[in-house]
Amino acid sequence: MKTVEMNIFSNLKTEIAELHNENKELRRRNAELEQRLIELHGEYMTLRYQFKGLPSPAEFLKLRQEMQTLKKELRERGWRDLA
């Protein structure tokens, strides 16, 4: 049966604990960077739509809903040839 010296065991245990802490810090930093990336992407998309003169996805959805409401109202008034 092999025995392991206590100082080697304690050094390895300390090193593992340090690696766990470093891993935890890296995961926290990764989550922070992911959040910043999501925010930057949102700003990029807003600028892209503004630069091209296009409505943003939210504005597009609002316009589409208004169009559907108007189509429904026209159908109720007797216009049947709307797609």
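Our structure is the block above this text.
Residues numbered from 1 in each chain as written. Predicted model: local features only at pLDDT ≥ 70, side-chain atom pairs only at ≥ 80, totals over all residues. Heavy atoms only, no water.

1. Regarding the pattern of salt bridges
And step 1. For the coordinates displayed, the defined rule picks out four salt bridges.
And step 2. Among the salt bridges present, the one from glutamate 73 reaches arginine 77, with a minimum N-O distance of 2.9 Å.
And step 3. Among the residues examined, arginine 77 registers a relative accessible area of 65% and is labelled exposed.
And step 4. Residues joined in a network through salt bridges with shared partners are Glu25, Arg28, Arg29 and Glu32. (Salt bridge = Lys/Arg side-chain N within 4 Å of Asp/Glu carboxyl O. Buried < 20%, exposed > 50% of the residue type's maximum accessible area, 1.4 Å probe, protein only.)

2. A closer look at helix 1 (residues 6–52)
And step 1. Here helix 1 spans 68 Å end to end across 47 residues, near enough to the 69 Å set by a 1.5 Å rise per residue.
And step 2. Once helix 1 ends, the next one or two residues include glycine 53, with phi positive near 75 degrees. (Helix = DSSP H or I, 4+ residues; strand = E, 2+ residues; numbered from the N terminus. Expected span 1.5 Å × (residues − 1).)

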